[in-house]
Amino acid sequence: MTDYHFDTPAGPNPIDQQKIIGHPHDRIDGPRKVSGQAPYAQDYRDGISNIAYGFIVGAGIATGRIDRIDTREAEAAPGVLLVMTHLNAPKQGPHQHDLAPQLTGPEIHFYDEAVALVIADTFEQARDAAKLVRISYTPKKGRFDLAQERLNAVKPDEDEPDTSTGDFAQGFAAAPVQLDVTYTTPDQSHMMMEPHATIAKWEGDRLTLWTSNQMVHWAIRDVAGTLMIPEENVRVLSAFVGGGFGAKLWIQSDAVLAALGARAAGRPVKLALARPQIMNNATHRPATIQRIRIGTDPQGRILAIGHEVWSGNQPGRKIENAAQQTRLLYAGKDRMTSHRLAVMDLPVGNSMRAPGEAVGLLALEAAMDELAEKLNMDPVELRIINDVQFDPEKGPSRPFSTRKLVECLRHGAREFGWSKRNPKPGQVRDGNWLVGMGVGSAIRNNLSKNSGARVTLRPHGSVLIETQMTDIGTGSYTILAQTAAEMLGLPMDRVEVRLGDSRFPESAGSGGSWGANSSTAGVFAACEQLRQQIAQKAGFGGAELTFRGGQVHAQGRSVSLASLAGKNGIAADGTIVFGDLEKRYAQASFGAHFCEVGVDRYTGETRIRRLLSVAAAGRILNPKTARNQCLGGMTMGVGAALMEECVVDTRFGYFVNHDLAEYHVPVHADIPDLEVIFLEELDDKSSPMKAKGVGELGICGVGAAVANAIYNATGVRVRDYPLTMDKLLERLA
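Procedures and definitions
- Residues numbered from 1 in each chain as written.
- Predicted model: local features only at pLDDT ≥ 70, side-chain atom pairs only at ≥ 80, totals over all residues.
- Heavy atoms only, no water.
- Helix = DSSP H or I, 4+ residues; strand = E, 2+ residues; numbered from the N terminus.
- Rg over C-alpha atoms; globule rule 2.2 N^0.38 Å.
- Buried < 20%, exposed > 50% of the residue type's maximum accessible area, 1.4 Å probe, protein only.
- Contact = heavy atoms within 4.5 Å.
- Areas by Shrake-Rupley, 256 points an atom, 1.4 Å probe, with all protein chains shown as cover.
- Lys, Arg positive; Asp, Glu negative; His and termini not counted.
- Charge placed at Lys NZ, Arg CZ, Asp CG, Glu CD.
- Pairing = 2+ DSSP bridges.
- Axes fitted to C-alpha atoms, helices over the stretch in contact; angles between N-to-C directions.
- Domains from an automatic or database assignment.
- Buried area = accessible area lost by both parts, 1.4 Å probe.
- Salt bridge = Lys/Arg side-chain N within 4 Å of Asp/Glu carboxyl O.
- Core = buried A, V, L, I, M, F, W, Y, C linked by side-chain atoms within 4.5 Å.
- Phe/Tyr/Trp six-rings, centres within 6.5 Å; stacked < 30°, edge-to-face > 60°.
- Lys NZ or Arg CZ within 6 Å of the ring centre and 35° of its normal.
- Expected span 1.5 Å × (residues − 1).
- Polar contact = N/O pair within 3.5 Å; in protein donor to acceptor, adjacent residues only side chain to side chain.
- Arc of directions from axis to C-beta.
- Left-handed = near helix turned anticlockwise from the far one by under 90°.
- Nonpolar A, V, L, I, M, F, W, Y, C, P; charged D, E, K, R; others polar.
- Disulfide = S-S within 2.5 Å.

1. Examining the overall build of the chain
- Per the secondary structure count, the chain includes 18 helices and 30 strands.
- Rg of the C-alpha trace for the chain: 27 Å, near the compact-globule value of 27 Å for 733 residues, within the 12% margin.
- Per-residue burial for the chain yields a buried fraction of 63% across its 733 residues.
- Contacts in the chain between residues far apart in sequence, at least 24 positions, make up 81% of those at least 6 positions apart.
- When the accessible surface of the chain is split by element, carbon and sulfur atoms take 49% of a total near 27,400 Å².
- Counting 78 positive and 84 negative side-chain charges, the chain places the centres of these two groups 2 Å from one another.

If you want it as structure tokens, here you go:
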């Protein structure tokens, strides 16, 4: 495999032709999905027979220990093959990530933690026998309330939990205009459509996992480490993922327990988390308390800005990095951010839907709206005058690669009709509805990860792409096909894409908005290698090549790709390796959200009437799939603002609303026609594709735009998300 080192800004390359890249294309995997032929983790059949079924027994307490566990009745139930507990589970490697290893002892760390695994001939038998496992516990006093544990929070052992530029305390104290507000966000759950699910099969000492996972190479690493077997003895397949949103970045209990159970039972085992188990047994987004202080001059220019965040998690776990966007979004000489972590006995918290920025902007962008009112300024203009074209912590020595926040704000204001907004809250009515408009800025760090692919020119002149990259519903299949088609001058229907197999070259995977830009750059790197091999075989040497219509053209002659492929085809592996450009240039995608809401003056019910997002995210590889991602993000932003909350029972330490009936997410009736506008932009510091991440940008700032619109409609400012009817109703006149 040949590395393509991306150390200097991208110059002209074949992607710039934009004959296929940059145009809307239907998802090439769409027909398989709508016809039911796309195999998700639970759907695999080929090469798997005599499957047994697993069901997890979850802990009935949140913290404490198991005193006694009796499995005899369950083991005697019809069809049961085995019951595994900490008493008979095999030894496993040290802690990896999230929920591996499993069943390692009698200690209970969180509610619904796996305490037993039942394996039976059918799913129903396993589920019913799970109810027959008798367990007695000794519970201990738990820590379930972030507000109460806030004073016990400590500085976490992470990179840059605190940042400081200038003298924030002095700058804020001296500022003529000061804002000091605190916002809270609740625990939230991913609520992807497809549950965590795995089929595990052993052949001797080799394990194959068909699992729902966003990062295949991380899954290999963690499964091998947990089971204490060589990585080369593990194969992971995850060709289609029915949503992940961060919940499937790392392996969860289903993968480890399916593997342990299959080895013990001597049969392949299928295991899926039941929907009520997902919220407590798997990961979630932790709650936050956020204090924001901003000091400005009388004209609204920020002099000092500080953002402090408290969140909770299991011991040794990560913070919710909710202040990270505050480090980059607005100007200000004196700056401070800090994060403090409280040890909690709630389920494990980890990455979810734009971790950090999604909830950080719920606070920061609402605070900017409060600041605008304090200054008697237009909220859009306040944001514009505090724009900065370089990293405000590092100074002009680290400019942004591209930054079109001002253009997004101005373009969105024009398209949305912002000039018609009445700045005085509670003045616009439509019958019983109080109507208001709100705005929120969007930023999402542009991350990149090395990514590889194999591209094969086949004998009949078509092309096959193979890479570990996953498709979590975002359109990976399609944009990778577009990349190869553009590079090799082929129509889309001459490109086949195979994803999600650990036997393929290691890819960036799907997460952190790095997937599209990094994985297409990996295909670009492989295609560059293939183009060189084709040129050499065609005898073109170092000539400038043109690929079109299934042929390569150079030096006044043309040769068909099919003839050059011969009987055996030509294969090329390539990997994009990112250098230090992200250290020399601040890289982020930017946007602006504009929202109009109606709030019923008698009930406090909020309805979204209009929602517009304007985004600048480098080259948009496929406007159709990119728009779909933004629409999904906007919908999630509405959910975070109005309804999403894991309700904690602070007596017993679990999430009460642990299913889709009671954990509310937006449905069609909640979402009107949404509009997305992409501004033209190329970022040559980002990758050879000159693209940037867009998937999570759509959620960043939307919730604050909704909250700001609610305030404009009602004059009621609620700083405790979600903004449910009861919180508004008690303060409506």
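Now that the structure has been shown, the text picks up again.
2. Comments concerning the sheet that holds strand 24 (residues 557-560)
- With respect to topology, three strands assemble into an open sheet ordered 22-23-24, the strand pairing being antiparallel. Looking at which strands have only one partner, the edges of the open sheet turn out to be strand 22 (546-548) and strand 24. Direction aside, the axes of adjacent strands within the sheet are offset by 25 degrees on average.
- When strand 22 meets strand 23 (residues 551-554), the two strands line up antiparallel, connected through three bridges. Residue Arg-548 lies in a different strand from strand 23, and its bridge partner there is Gln-551.

3. A closer look at the domain arrangement of the chain
- Its domain assignment divides the chain into domain 1 (2-38 + 448-580), domain 2 (52-141 + 196-272) and domain 3 (285-446 + 587-730).
- Its C-alpha centre places domain 2 at a distance of 37 Å from the equivalent point of domain 3.
- The partner domain 3 presents 14 residues to the 15 residues of domain 2 that form the contact.
- Across the domain 2/domain 3 interface, buried area totals approximately 1,100 Å², and carbon plus sulfur atoms make up 56% of it.
- For the interface between domain 2 and domain 3, the tally reads zero salt bridges.

4. What to know about the nonpolar core
- Counting residues in hydrophobic clusters, the biggest one holds 92 residues, and the most contacted among them are Phe-594, Val-597 and Val-706.
- Broken down by element, this core gets its largest block of residues, twelve residues, from helix 9 (residues 357-375).
- Filtering out sequence-adjacent residues up to four positions away, Phe-594 remains in contact with Val-380, Cys-408, Leu-409, Gly-412, Ala-413, Phe-416, Trp-418, Gly-438, Val-439, Arg-610, Leu-611 and Leu-612.

5. Things to note about the packing of aromatic side chains
- Counted by the stated rule, this structure contains 14 aromatic pairs.
- Pairwise contacts between aromatic rings join Tyr-40, Phe-240 and Tyr-477 into one cluster.
- The aromatic ring of Phe-172 is capped on one face by Arg-293, whose charged end is 5.9 Å from the ring centroid.
- Across the ring face of Phe-245, the terminal group of Arg-353 is positioned such that the distance to the ring centre comes to 5.9 Å.

6. Here we look at helix 16 (residues 623-642)
- Here helix 16 spans 28 Å end to end across 20 residues, near enough to the 28 Å set by a 1.5 Å rise per residue.
- With a side-chain oxygen positioned 3.0 Å from the backbone nitrogen of Lys-624, the residue opening helix 16 is Asn-622.

7. Points about the sheet that holds strand 6 (residues 114-120)
- What the seven strands build is an open sheet, ordered 4-6-2-13-10-11-12; its pairing is mixed. Because the sheet does not close on itself, it has two edges, and the strands there are strand 4 (80-85) and strand 12 (234-237). For this sheet the average axis-to-axis angle between neighbouring strands, irrespective of direction, equals 20 degrees.
- Looking at chain direction, strand 11 (residues 206-211) and strand 12 are connected through four bridges and run parallel.

8. Considerations on helix 3 (residues 123-130)
- For helix 3, the complete set of buried residues consists of Ala-126, Ala-129 and Ala-130. Along helix 3, the residues classed as buried sweep out an arc of 105 degrees about the axis, all on the same side.
- Buried positions along helix 3 lie against strand 2 (52-58), helix 2 (72-75), strand 4 and strand 6.

9. Brief notes about the side chain of Asp-222
- When you line up the elements, Asp-222 lands in helix 6 (residues 216-227).
- Asp-222 sits in the buried class, given a relative accessible area of 0%.
- A polar side-chain atom of Asp-222 sits 2.8 Å from a polar atom in the side chain of Arg-221.

10. As for the pattern of salt bridges
- Taken as a whole and judged by the stated rule, the model has 48 salt bridges.
- Put simply, Lys-685 and Asp-684 hold a salt bridge, and the shortest N to O gap is 2.9 Å.
- For Lys-685, a relative accessible area of 14% puts it in the buried group.
- Of the residues examined, Asp-684 reaches a relative accessible area of 25% and is grouped as partly exposed.
- Several salt bridges converge on common partners, so that one network encompasses Asp-180, Arg-291, Arg-293 and Glu-308.

11. Looking at the packing of helix 9 against helix 17 (residues 702-714)
- Where helix 9 meets helix 17, the closest approach of the two axes is 8 Å, and the angle between their N-to-C directions is 35 degrees. For the pair helix 9 and helix 17, the sense of crossing is right-handed. In this structure, helix 9 contributes Leu-361, Leu-362, Glu-365, Ala-366, Asp-369 and Glu-373 to the contact, and helix 17 contributes Gly-703, Ala-704, Asn-708 and Tyr-711.
- In terms of residue class, the contact of helix 9 with helix 17 is made up of five nonpolar, two polar and three charged.

12. Some details on the state of the cysteines
- Under the defined criterion, the tally for this structure stands at zero disulfides.
- We note that Cys-408 lacks a disulfide partner, and the nearest cysteine sulfur, in Cys-630, lies 11 Å from it.
- Here Cys-630 stays free of any disulfide, with the sulfur of Cys-700 as its closest cysteine sulfur at 10 Å.
- Residue Cys-630 is classed as buried on the basis of its relative accessible area, which comes to 3%.

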